[in-house]
Structures are given as C-alpha cells and as structure tokens.
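# Chain and residue survey
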Amino acid sequence: MKKKIAIIGGGPAGMAAALGAQEAGISPEDIIILERDKELGGILNQCIHNGFGLHTFKEELTGPEYAARFAQKVIEKKIPYLLQTMVMHIEPGETKKILAMNKEQGILKIEADAVVLAMGCRERPRGALNIPGYRPAGIYSAGTAQYYVNIEGKMPGKEVVILGSGDIGLIMARRMTLEGAHVHAVAELMPYSGGLKRNIVQCLQDYNIPLLLSHTVVDIQGKERVEGVTLAKVDEKGKPIPGTEIHYPCDTLLLSCGLIPENELSSDCGVDLSPVTSGPVVNESLETNVGGIFACGNVLHVHDLVDYVSGEAKEAGENAAQYCMEKKTLSMETKTALTDNVITILPEQGVRYTVPSLIRIEHMKEKQTVRFRVGQEYKNVKVAIYRDDELLRTLPKRTMAPGEMENVILLKKDLVDEEGKMPENIRILIEQNV
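## What to know about the sheet that holds strand β22 (residues 358-360)
Each strand in a sheet pairs with another by means of backbone hydrogen bonds, the pair being arranged parallel or else antiparallel. Taking strand neighbours across the sheet as the criterion, the 5 strands line up as β22-β20-β27-β24-β25 in an open arrangement whose pairing is mixed. Among the strands making up the open sheet, the edge pair consists of β22 and β25 (390-400). Going from strand to strand, the sheet's axes swing by 20 degrees on average, the running direction of each strand aside. The sheet contact formed by strand β20 (residues 342-348) and β22 spans 3 bridges and is antiparallel. Looking at the pairing, Thr344 lines up with Leu358 of β22.

Following this line, the structure appears as structure tokens:
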C-alpha cells in the first residue's frame, strides 16, 4: 500500500492532522489513518464530561461530541482509515516503511513519504510510584476507572481515595461522587496541583472534597481487597514526615500520577526524545530529527486542552503536506541546504521545556507560537524573551502553574537583524517583577 502521508493514531490529533493535510492539498486517497481502537476518537470517547471545544467550535461539548465532529469531517472528506490496526514498526528513509497488523488483513506493509505521530499518551503506572503494601484488588488508574464508569457502566468502589491531582483524577473525584461514591480526599505529592484551576474549583471545591497538597500514600491496608489507605505529609524532599499520618477506611484507590507520551514507536525509528516531556524534539514545523516524521498532540507533550491538540495537529498535517510537495520539487541536497540556519530555543529559569525546540529561519512563518510549562507556581512575575543576551520583550503574568500550558509568540523580524544576522539562541525564562 502506498500513501503520501500515514498518520499513526485516530484520536483528536490524528484526525485533525489528516484534515490539515487534506486542506493543504493532499488528495484524501493519499492519506491513511491507522487507529488501534475499534472507533475513531481516542480517549475522548470515554470523557463524557463537558468543557471541550470552546476554542475550536465556540461552544461547550462533551468528549464524544467533540470527537464525533472531527470523525464526521474525516468521513465527509473520504479520508481512509483502518481501525483495530496496530502499528508495529516504522522504518525511516526517504520513503517510510510502516509495518502494521490487524485481524482482518493480517500483516500490512505501508509506504509513505511522510508520517505524523499522533499516538497520544498513557497513564503513569503504579509500579513507577513505589507505594508500599500488598497488591489487593481496588487499585485503579483514574483513566481505567473512568472507562469502567462511563463506558462499561460499572462502579470500581464506593469509598474512594485519589492519589495525584492531575486533571483525570480531579474529574473522577466529581464523577465518582455523582455516581454515589464517597471520595474522602485527593492527595498530591507536590505543593501544587497538577490540574487546571477550573477543575480544582468545579470538581473538588464544589463538592467539598479536600485537596491535600504535599501528601502521599505511605501504606495500603488489605490483602484481597483494599481496606484502607494511610496518607502522610511530605517534606521538601518528598519524604514522609512521621506523626502526620491520616488513615482513611476505603475500598478503592485511584491513581492520577501523570501522563507519559506513547513514544515506543518514535524511539524505535530513531526519533530524539526530550528528557523532560518524554516526547519528540521538534522544529518549527513540528518535524522530528528524522526527516519527514512529524509529531503532534499528547505524543509530543501533554496538553491541558484538546482544542490546543487539534490546532497543533492541523499544523502538523499541513507541514507534512508541504514536505511531500517540496519532495517533488527539491533534491535531497537542496533540502539539506535549507536546514543550515537553525536557532535553538533554550528554556531557562523556571521554564521546563519549549515546543518547538528549534527554529529553521527559512521555514519559519512571520509568527511562531512557542508553548511551554513552568516548573512551579509563580505570582506576579514576567516571561522574558532574549535574543542571545539581548532582551526582546517581557510579558507580565499574575499567576503561573505547572498544570497550565503557557505560550509566547516569536516574530520572524525579531530573529534576523537588518544585516541578516541570526542569534544562536532564543532564551525564554521567568523573572521576578522589580
């Protein structure tokens, strides 16, 4: 099977990337979406709460409604897709060779000029958290509990403690309460929440569910089934403080301890991954270090709003289309010459990472959005942007938190001076207001 663009993942990122590529001039029959689930939409199909689509559709939708709108567009544009299809390997090269399989067609070999990685992310497992105690029934990731309640119509338990204040954990605190369960508390190891402020208000405060910051689980009681959980306060190094233990009798412990981009395929085909995000390192076109392989959505870095995922993925699809069109008109030697002028974006002093990490001046648009997250909570600070050591501008910020994605706009005219000289680096950092 030969295609111009293959998109790995049929969630909101994959569908938006396919539509972006089609709108940029690639014929629908030259695009293929490969999705391992039984329907398009990804994780949104189990997110029945509202709050999606305010930026994209200017109205509030549930997750399945948001996914359905994109799926309908994919169907209307006649973009081909394969469901229940697992991609096993991507071989890089001028033509990418994709090995996939499903139960109907068996082993599939697909050749594509460009690949868009849109596999999403997964929850951090309990094994990575070093929680002491036995391994009784009643311990679930928040996403698994969400699937049971919203898709299967089954309740994981009635007396609940949640470890981790990521957005899924906060949303499940409300969801379990609405279904009749008693949520004793949400414990968070860090001194700040990992979720959106609106979710803290709407999911915890509105239901009088306590949020215990700088707390973790130090013991789980029960052998066959969870019988109770002991929490304790932690010091600045994350060590439990003796004498601060709180015991909650419960039958369920939900874990919402972070999300990890699904990047086994990426690393397998030689894509460089960021040690901070665990997602690919990309340039201004959302292209990885492997030419013709692009990344977008939660496989690139974990987003807080699906609207941002769709916007970023549309851009990745457009850039993949541009890559395919350039491939027709440019020799590989010319393409290599076009990537000489590269500016590195350096996250410093409170900024954990940036997307993109590199900018090629020849490919940069007049305005470039740079997304980032901070490493702690800040109040009354400013985001400073430097061209090497020259301050370009500052942006005042009343509050900043790790759970909220931030962005700045870089202007092409600021990066190249009148003589055509470029900086080596663009530095983005947090400074205190004087």
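## Details of the packing of helix α1 (residues 12-23) against helix α2 (residues 63-76)
Relative to each other, α1 and α2 sit at 35 degrees, their axes nearing to 10 Å. Two packed elements cross with a definite hand, and for α1 against α2 that hand is left-handed. Within the contact between the two elements, α1 uses Pro12, Met15, Ala16 and Leu19 and α2 uses Tyr66, Ala67, Phe70, Ala71, Lys73 and Val74. Here the residues of the contact of α1 with α2 sort into 9 nonpolar, no polar and 1 charged.

## Here we look at the side chain of Ser310
Inspection of the secondary structure assignment puts Ser310 in helix α7 (residues 306-329). What makes Ser310 buried here is its relative accessible area of 4%. When residues no more than four places from it in sequence are discounted, the contact partners of Ser310 are Pro12, Ala16, Tyr66 and Phe70.

## Thoughts on helix α5 (residues 197-204)
Those residues of α5 lying buried are Asn199, Ile200, Cys203 and Leu204. Angularly, the buried residues of α5 cover 105 degrees about the axis, an arc narrow enough to put them on a single face. Among the structural elements, α4 (167-178), β12 (182-188) and β13 (211-213) are those in contact with the buried residues of α5.

## A few points about the environment of Tyr248
Note on placement: Tyr248 falls in strand β16 (residues 246-249). Distance from Tyr248 to Lys367, taken between C-alpha atoms, is 52 Å for residues 119 residues apart in sequence. Setting aside residues up to four positions removed in sequence, Tyr248 forms contacts with Val161, His184, Ala185, Leu212, Gly228, Val229 and Leu231.

## Concerning the pairing of strand β8 (residues 106-117)
Bridge count between strand β1 (residues 2-8) and β8: 6 bridges; the pairing is parallel. The residue of β8 that forms the bridge with Lys2 is Glu111. As paired strands, strand β7 (residues 96-102) and β8 are joined by 7 bridges and run antiparallel to one another. For Met101, the partnering residue across the bridge sits in β8 and is Ile107. Counting the residues in the hairpin turn of β7 and β8 gives 3 residues. Sheet topology places β8 next to strand β19 (residues 293-295); 3 bridges connect them, and they run parallel. Bridge pairing links Leu117 to Ala295 in β19.

## Structural notes on the confidence of the model for the chain
In this model, the chain carries an average pLDDT of 91, and 95% of its residues clear a pLDDT of 70 or more. Averaged pLDDT values for the elements of the chain fall to 41 in helix α8 (residues 332-337) and rise to 97 in strand β2 (residues 31-34). Taken together, the stretch residues 330-338 has pLDDT below 50 and engages in 7 contacts with residues farther than four places along the chain or on a different chain.

## Quick look at the environment of Lys237
Tracing the backbone through its elements, the reader meets Lys237 in the loop between β15 (228-233) and β16. Given a relative accessible area of 73%, Lys237 falls into the exposed group. Along the chain, Lys237 and Lys4 lie 233 residues apart, while their C-alpha atoms are 50 Å from each other.

## A short note on the packing of aromatic side chains
Going through the model one piece at a time under the given rule, you end up with 6 aromatic pairs. Centroid distance Phe57 to Tyr66: 5.5 Å. Interplanar angle 75 degrees. Geometry classified as edge-to-face. Owing to a relative accessible area of 19%, Phe57 belongs among the buried residues under this scheme. Judged by its relative accessible area of 0%, Tyr66 is buried. Both rings, one in Phe294 and one in Tyr323, keep their centres 6.0 Å apart while their planes meet at 75 degrees; by these two values the pair is edge-to-face. Of this pair, Phe294 sits in strand β19 while Tyr323 sits in helix α7; the two residues are 29 residues apart in sequence, bridging distant segments of the chain. The burial state of Phe294 is the same as that of Tyr323; both residues are buried. Aromatic rings pair up to connect Phe57, Tyr66 and Phe70 into one cluster.

## Some remarks on a nonpolar patch on the surface
A surface patch of nonpolar side chains, about 430 Å² in accessible area, is lined by Met86, Met88, Leu99, Met101 and Ile107. Secondary-structure assignment places Met101 in strand β7.

## Topic: α2
The end-to-end C-alpha distance of α2 is 20 Å, a good match for the 20 Å that 14 residues give at a rise of 1.5 Å each. For α2, the set of buried residues is Gly63, Tyr66, Ala67, Phe70, Ala71 and Val74. Around the axis of α2, the buried residues are gathered within 130 degrees of arc, so they sit on the same side. Lys78 occupies a position one or two residues after α2 and carries a positive phi of about 60 degrees.

## Looking at the pairing of strand β26 (residues 406-411)
For a regular strand, the rule is simple: side chains alternate between the two faces of the sheet. Of the two faces of β26, the one lined by Glu406, Val408 and Leu410 is fully buried and the one lined by Asn407, Ile409 and Leu411 carries no buried residue. Note that strand β23 (residues 367-374) and β26 share 6 bridges and pair antiparallel. Residue pairing in the sheet places Phe372 in a bridge with Glu406 of β26.

The rules behind each value
- Residues numbered from 1 in each chain as written.
- Predicted model: local features only at pLDDT ≥ 70, side-chain atom pairs only at ≥ 80, totals over all residues.
- Heavy atoms only, no water.
- Pairing = 2+ DSSP bridges.
- Helix = DSSP H or I, 4+ residues; strand = E, 2+ residues; numbered from the N terminus.
- Axes fitted to C-alpha atoms, helices over the stretch in contact; angles between N-to-C directions.
- Left-handed = near helix turned anticlockwise from the far one by under 90°.
- Contact = heavy atoms within 4.5 Å.
- Nonpolar A, V, L, I, M, F, W, Y, C, P; charged D, E, K, R; others polar.
- Buried < 20%, exposed > 50% of the residue type's maximum accessible area, 1.4 Å probe, protein only.
- Arc of directions from axis to C-beta.
- pLDDT = per-residue confidence, 0-100.
- Phe/Tyr/Trp six-rings, centres within 6.5 Å; stacked < 30°, edge-to-face > 60°.
- Patch = residues over 30% accessible without salt bridge, like charges linked within 9 Å, V, L, I, M, F, W, Y side chains within 5 Å.
- Areas by Shrake-Rupley, 256 points an atom, 1.4 Å probe, with all protein chains shown as cover.
- Salt bridge = Lys/Arg side-chain N within 4 Å of Asp/Glu carboxyl O.
- Expected span 1.5 Å × (residues − 1).

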